[in-house]
Amino acid sequence: MIGVSIHPENQPSYGTTTDTGGHFSLSLPKGEHTLLFNYMGYDTRRVKLSVTGNMKKNVTMTQASMQLDEVVVTSKRKDANVTDVQSGVTQMEVRELNRLPVLMGERDIIKSLELMPGVKSAGEGSTGFFVRGGTADQNLVMLDNVSVYNTSHLMGFFSTFNSDVLRDVALYKGPIPAQYGERLSAILDVQQRNGDMQDYGVSGGIGLIFSKINVEGPIQKGKSSFLLGARRTYADAIARLSGVEDAQNAYLYFYDLNMKLYFALSDRDQLSVSGYLGRDKMVLKDVADMGWGNAFLNAKWTRTMSPKWFSATSLQYSRYSYSAEMNMGMDMNGDANINDYGFRQEFKYQATPNSTWRMGLQSTYHDLAPGDFVNESDIKSTLNLHHRYSWENGVYISNQLKLNERLEVLYGLRLSTFSALGKGEYYELDENKEVVDSTWYNSGRFVKTYVNLEPRLSAVYKLNDESSVKASYARTVQNMHLLTYVNMGSPFDRWTSSSNNIKPQIADQFTVGYFRNFKDNIYEFSVEAYYKNMRNQIDFKDHAQFQGYDVIDTEVRFGKGRAYGVEFMLKKRTGRFNGWVSYTLAKSEKKIDGINNNKWYNAYQDRTYDISLVGIYELNRKWSLSAAWVYYTGNAISYPSGKYQIDGKDVMYYAERNGYRAPAYHRLDLGATCLLKKTRKYESELAFSLYNAYGRRNAYMIQFRANEDDPSKTSAYRYTLFTYVPSISWNFKF
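Quick word on the overall build of the chain
Turning to step 1, where the next piece is worked out: Across its full length, the chain holds 4 helices and 47 strands.
Turning to step 2, where the next piece is worked out: Relative to the 2.2 N^0.38 estimate, which gives 27 Å for 734 residues, the radius of gyration of the chain is 26 Å and therefore close to what a compact globule would have.
Turning to step 3, where the next piece is worked out: Dimensions of the chain along its principal axes, counting C-alpha atoms only, are 90 × 60 × 50 Å.
Turning to step 4, where the next piece is worked out: Looking at the chain residue by residue over its 734 residues, the buried ones come to 51%.
Turning to step 5, where the next piece is worked out: Of the contacts formed within the chain by residues at least 6 apart in sequence, a portion of 62% connects residues at least 24 apart.
Turning to step 6, where the next piece is worked out: Roughly 33,600 Å² of accessible area belongs to the chain as shown, and the carbon and sulfur atoms make up 54% of that amount.

Structure (structure tokens):
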């Protein structure tokens, strides 16, 4: 269990918490002690110890089942937002996610994180999310420490994460700790929970467009467990059964499977094997057939080497792939994929109660296949885009040190290397980015290697028991890059890697913030400012070639970027009514040679204002009500500034890159949960939600074309995905 609070009785300020493997280390004087173990949703455990020397203690906790007016048990100190040295971290518990209204009744961690300051939705029908002015690909999303390249289902309407099988969700948007790397803006670390080692259980839900089921229990009671989860949508099947003519030739669905096996090999050793398989399918009969998804397998061995030393070793394999068949005038099919093979070795050393060291290494071999295409028309042709092979490594060390009762620091250093490898053809470009020569590299031969040092530093200074000031600096480096047009999205994104022409992206981020609690930690307030300076930023040149083009190096341009802003948050944490207000004022810009006359221009993800209001009200023991309202400035986008004619055809003229704004986005979501029954062995509830309660017609796409009444004029046409979306689902657990 992660984040269990442990402290001696009557000494709440002196203690520790369990890490991601459930381990803890605590130094106590010799003698008799009583330790208290607290965790959200579990009965508090009192354990008496007679300490005569180093010892190991395993503790089992029991889920709380009593219905009281209010029980507040937390896995973190109530003032953790003030005392923690790490700023810019959002940790969400699955129980909190379950009370928020979301799209089509499914509880979604990414949609919930987008209600936090500094985290912005990419928009309806779009994949990914933006963090502090970064692009979607500048976020590293991990499930059980394995990279997930595509984080969404149904073109962005659902995330790949089944909340019922998760135990911990942490988003690092500020100073990223040294044990993380490979991306520029943020780390989303999602962990699956272990199955129950004592009893068998089944949970799940049945909704209007999807169902899910999870099964868990012991393999060998007290020593090993399994956890299996599955989800599947069926809205398209229901539409076909309804007799709707347009639905008879269309299929749009997703499924995913989660798995985790856990083995307590000994008092010192644990082994876990986790996996995931997810796939989306979109078919228009006789027109298009597309599929895309992720899969991974991860084996992790953790060992308690001594009371102060912990070790974790992982072997990983992951795959992201998509395939497409098109029958629109010509028959064409193709597929693309990314295969990663990884190794991780991590150590944790609890030197003293006030000093914790982390160190380790990570190594990943990337096999990136941009696409193989076959044209099945009268004259058959093939196009095989060159694979890109690379080897990415990181070595790190960090120390969290409490200098005194007021000052604590977390400092570290990460050394990252990235090598572009053969087999493949690499190109030499002139100053106009045109190919002048090429070289074929045999398999395993090094083409170009980049080495970067990434220092990390965070500090917290407690002004008093209720407030603190935090500051940080972090350098991050990214070598895997996503190339996408704004009007496209997954599965049409194209990944590429650093090469002899494409350099690693580098960012230096500075943050400073003030954190304050009120009324015995019932209310918390924070304001945090950041500035991010970025190098080697990538964008497409005007009229760039995209899919089906091998020499992608000639189609992109490079320059610098900057993002800065200030984030406010006020949150009420306890009581029958709780929730939060978040507000972000921000700016994100790029300056790239050959684009926008070499002047600064708004990045696509630039949004000036972003506001979220969230309220949750416990009406009684049976009913819980919730509401969430969001507002944000429309994305920066390139609209035509005029038009001219060539051979009688209208041609749009674009003057400035991202010089216009899409309409502002806002919507209200409502939710209600009715607890039908809850006993120690069975739980049942109904979840109701209304997405976009006042029917705002937010723009999904804006298209410019000749006015239907006057062809000499050009009109803008707005397309909307959703107005009102009601949903109901039945959730159960036994």
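Quick word on the environment of Val146
Turning to step 1, where the next piece is worked out: With respect to the helices and strands, Val146 occurs in strand S9 (residues 146-147).
Turning to step 2, where the next piece is worked out: Residues Val146 and Leu297, spaced 151 residues apart in sequence, show a C-alpha to C-alpha distance of 8.4 Å.

Some thoughts on a nonpolar patch on the surface
Turning to step 1, where the next piece is worked out: A surface patch of nonpolar side chains, amounting to about 750 Å² of accessible area, comprises Leu315, Phe343, Leu361, Val395, Ile397, Leu413, Leu415, Val451 and Leu453.
Turning to step 2, where the next piece is worked out: Sorting the residues of the nonpolar patch by element identifies strand S24 (388-402), strand S25 (407-421) and strand S28 (446-462) as the ones contributing at least two each.

Looking at the sheet that holds strand S5 (residues 89-92)
Adjacent strands of a sheet form backbone hydrogen bonds with each other and so pair up, either parallel or antiparallel.
Turning to step 1, where the next piece is worked out: Judged by pairing direction, the sheet is mixed, and its 5 strands sit side by side in the order S5-S12-S13-S8-S9 without closing on themselves. Two strands bound the open sheet, and with one partner strand each, they are S5 and S9.
Turning to step 2, where the next piece is worked out: In this sheet, strand S13 (residues 186-192) lies alongside strand S8 (residues 139-143) in parallel orientation, the contact comprising 5 bridges. Its bridge partner lying in S13, Val141 is registered against Leu188.

Structural notes on the packing of aromatic side chains
Turning to step 1, where the next piece is worked out: Evaluated as defined, the whole model comprises 24 aromatic pairs.
Turning to step 2, where the next piece is worked out: Residues Tyr632 and Tyr665 carry aromatic rings whose centres are separated by 4.7 Å and whose planes lie at 5° to one another, so their mutual orientation is stacked. Residue Tyr632 is located in strand S38 (residues 623-632), and its partner Tyr665 is located in strand S43 (residues 665-678); the two are separated by 33 residues in the primary sequence. Each member of the pair, Tyr632 as well as Tyr665, is classed as buried.
Turning to step 3, where the next piece is worked out: Ring-pair connections join several aromatic residues into one group, and the members of that group are Tyr317, Tyr341, Tyr365 and Tyr389.

Considerations on the pattern of salt bridges
Turning to step 1, where the next piece is worked out: One pass over the full model with this rule turns up 19 salt bridges.
Turning to step 2, where the next piece is worked out: Between Lys173 and Glu567 there is a salt bridge; the shortest N-O distance is 3.3 Å. Taken together, the positions of Lys173 in the loop between strand S12 (166-172) and S13 and Glu567 in strand S34 (residues 556-572) put the pair 394 residues apart, joining distant regions of the chain. A single burial state applies to Lys173 and to Glu567, both of which are buried.
Turning to step 3, where the next piece is worked out: Among the charged side chains, a salt-bridge network with shared partners connects Arg132, Lys173, Glu528 and Glu567.

Some remarks on the sheet that holds strand S1 (residues 5-8)
Turning to step 1, where the next piece is worked out: Reading across from one edge, S2-S1-S3-S4 is the order of the 4 strands in this open sheet, with antiparallel pairing throughout. Strand pairing shows two members of the sheet lacking a second neighbour, strand S2 (16-17) and strand S4 (45-51), which therefore form its edges.
Turning to step 2, where the next piece is worked out: Bridge analysis of strand S3 (residues 31-38) against S4 gives 7 bridges, and the strand direction is antiparallel. Bridged to Gly31 within S4 is Val51.

Description of the nonpolar core
Turning to step 1, where the next piece is worked out: The biggest cluster of nonpolar side chains holds 42 residues, and the ones touching the most others in it are Phe129, Leu143, Phe161, Leu166, Leu188 and Val190.
Turning to step 2, where the next piece is worked out: For this core, the secondary-structure elements that each account for two or more residues are helix H3 (109-113), strand S7 (129-131), S8, S12, S13, strand S37 (609-618) and S38.
Turning to step 3, where the next piece is worked out: Discounting residues that sit within four places of it in the chain, Val190 has contacts with Ile109, Met142, Leu143, Asp144, Phe161, Leu166, Asp168 and Val169.
Turning to step 4, where the next piece is worked out: With 11 residues, the next largest nonpolar core counts Tyr149, Met290, Tyr320 and Ile338 among its residues.

With respect to the confidence of the model for the chain
Turning to step 1, where the next piece is worked out: Averaged over every residue, the pLDDT of the chain is 86; the share at 70 or more is 91%.
Turning to step 2, where the next piece is worked out: Long-range and interchain partners of residues 66-72, a stretch whose pLDDT sits below 50, account for 6 contacts in this model, where long-range means more than four residues apart.

Description of the side chain of Gln537
Turning to step 1, where the next piece is worked out: Examined against the element boundaries, Gln537 turns out to sit in strand S33 (residues 523-540).
Turning to step 2, where the next piece is worked out: There is a polar contact of 3.2 Å between the side chain of Gln537 and the backbone oxygen of Arg535.
Turning to step 3, where the next piece is worked out: Those residues within four positions of Gln537 in sequence are excluded, and the remaining contacts are Gln138, Leu184, Gln505, Arg557, Phe558, Gly559, Lys560, Gly561 and Ile592.

Section: the side chain of Glu114
Turning to step 1, where the next piece is worked out: Inspection of the secondary structure puts Glu114 in the loop between H3 and strand S6 (119-121).
Turning to step 2, where the next piece is worked out: Sequence-distant contacts of Glu114, that is, excluding residues within four places in its chain, are made with Val119, Lys120, Ser121, Gly128, Phe129 and Ser612.

Description of unusual backbone geometry
Turning to step 1, where the next piece is worked out: Backbone geometry places Asn536, a non-glycine residue, at a positive phi of 55°.
Turning to step 2, where the next piece is worked out: By the secondary structure assignment, Asn536 is in strand S33.
Turning to step 3, where the next piece is worked out: One non-glycine residue with positive phi stands out, namely Asn598, at about 60°.
Turning to step 4, where the next piece is worked out: Along the polypeptide, Asn598 turns up in the loop between strand S35 (577-592) and strand S36 (601-602).
Turning to step 5, where the next piece is worked out: Take Asn598: its relative accessible area is 39%, and that puts it in the partly exposed class.

So, the pairing of strand S15 (residues 210-218)
Successive residues of a regular strand alternate their side chains across the two faces of the sheet.
Turning to step 1, where the next piece is worked out: Across 6 bridges, the pairing between strand S14 (residues 201-207) and S15 is antiparallel. Note that in S15 the partner of Gly204 across the bridge is Ile213.
Turning to step 2, where the next piece is worked out: Hairpin connection between S14 and S15: a loop of 2 residues separates the two successive antiparallel strands.

Concerning the environment of Thr60
Turning to step 1, where the next piece is worked out: Its location among the elements puts Thr60 in the loop between S4 and helix H1 (80-83).
Turning to step 2, where the next piece is worked out: Residue class for Thr60 comes out exposed when judged on its relative accessible area of 54%.
Turning to step 3, where the next piece is worked out: Residues Thr60 and Lys541, 481 residues apart in the sequence, show an inter-C-alpha distance of 59 Å.

Rules used in this analysis
- Residues numbered from 1 in each chain as written.
- Predicted model: local features only at pLDDT ≥ 70, side-chain atom pairs only at ≥ 80, totals over all residues.
- Heavy atoms only, no water.
- Helix = DSSP H or I, 4+ residues; strand = E, 2+ residues; numbered from the N terminus.
- Rg over C-alpha atoms; globule rule 2.2 N^0.38 Å.
- Buried < 20%, exposed > 50% of the residue type's maximum accessible area, 1.4 Å probe, protein only.
- Contact = heavy atoms within 4.5 Å.
- Areas by Shrake-Rupley, 256 points an atom, 1.4 Å probe, with all protein chains shown as cover.
- Patch = residues over 30% accessible without salt bridge, like charges linked within 9 Å, V, L, I, M, F, W, Y side chains within 5 Å.
- Salt bridge = Lys/Arg side-chain N within 4 Å of Asp/Glu carboxyl O.
- Pairing = 2+ DSSP bridges.
- Phe/Tyr/Trp six-rings, centres within 6.5 Å; stacked < 30°, edge-to-face > 60°.
- Core = buried A, V, L, I, M, F, W, Y, C linked by side-chain atoms within 4.5 Å.
- pLDDT = per-residue confidence, 0-100.
- Polar contact = N/O pair within 3.5 Å; in protein donor to acceptor, adjacent residues only side chain to side chain.

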